[in-house]
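# Descriptive analysis of the structure
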Amino acid sequence: MQIALIVNRAKPGASDCASTLQHLAAEAGVKVRTCADENLPEGFLDGCTVALAVGGDGTILGLVEAAVRSGVPLMGINFGKLGFMATFEAADAGEGFRKLIAGQCRETTRTLLKVRLANGRERLALNDVVIRTTSPRLLRLQVCDEGKLVNHHNADGLIFCTPSGSTAYNLSAGGPLLHPGARVLAMTPICPHTMSNRSFIFDEGAHLTVSLREMDDSVRVSVDGREVGGCELLPLEVGQSDQTLRVLEDPAVDYYQVVRRKLNWGELPGRG
């Protein structure tokens, strides 16, 4: 076993945790290569058994394309605020690491979005692709599925998300929660002008084209929270990728537990 340890040193406690994990790995005879998350070299994950991210969801998102290229599963230890992607919390890092090296983690796959930009570049997204304005004016967008008009949207923007990403910007914008095993993608308008303009759930075969009905220099396009450009990237195409991301999780924790804990859903009071 060889573990790639990617550490977000900006998170308080993450560096100390990484040192503890390196010590545990040495005791178990496991090889570890370590890197700060912002300095991941090309091919760093090649030949590794697992990529272990010590940080928040942003740390995991930054590793997605490299993990898919290398075919390496991702596992997260959460040092962020919410951490929907990491089922191991900071306090459980040692226990999680022992489960990892004992082969006791559960492997699942997460669907990805593939976006093709107007300049020909392609990107993968685990969470979302967002088109939004930076000005007070509404964007006038058109969405088609295989040439069929879905809708004209007058809004601050549009969010296209995977089930994994449904708990991110999509949820904040009033979109639905989706189970990560669902083979769908969601489109959620950001502050739409028409109140009836709500989220739309597409099946895995949808191939969407998003274009501007009026040129607007205030447009910004982001993939998994990282801005990739402006209006020159539209029209763009987005749909579910044929590739998936392998993820290692705590077998003692299910998705519903994560949602209840992270969203502070309370227990119903007993009836007397």
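Read on for an overview of the structure. (Residues numbered from 1 in each chain as written. Predicted model: local features only at pLDDT ≥ 70, side-chain atom pairs only at ≥ 80, totals over all residues. Heavy atoms only, no water.)

Once that is clear, we can look at the overall build of the chain. Counting its secondary structure elements, the chain contains six helices and 17 strands. Computed over its C-alpha atoms, the radius of gyration of the chain comes to 20 Å, within 12% of the 19 Å expected for a compact globule of 272 residues. With respect to the principal axes defined by its C-alpha atoms, the chain has extents near 60 × 60 × 35 Å. For the chain, the residues scored as buried account for 50% of the 272 residues in total. (Helix = DSSP H or I, 4+ residues; strand = E, 2+ residues; numbered from the N terminus. Rg over C-alpha atoms; globule rule 2.2 N^0.38 Å. Buried < 20%, exposed > 50% of the residue type's maximum accessible area, 1.4 Å probe, protein only.)

The set of residues buried in helix H4 (residues 93-101) consists of Ala93, Gly96, Phe97, Lys99 and Leu100. Projected down its long axis, H4 carries its buried residues within an arc of 160°, all on one side. Considering only its buried residues, H4 is in contact with strand E1 (2-7), helix H1 (14-28), strand E3 (50-55), strand E4 (74-78), strand E5 (88-89) and strand E17 (236-249). (Arc of directions from axis to C-beta. Contact = heavy atoms within 4.5 Å.)

A few words on the side chain of threonine 59. Inspection of the secondary structure assignment puts threonine 59 in helix H2 (residues 57-61). Polar contacts involving the side chain of threonine 59 include one to the side chain of asparagine 8, which spans 3.3 Å. (Polar contact = N/O pair within 3.5 Å; in protein donor to acceptor, adjacent residues only side chain to side chain.)

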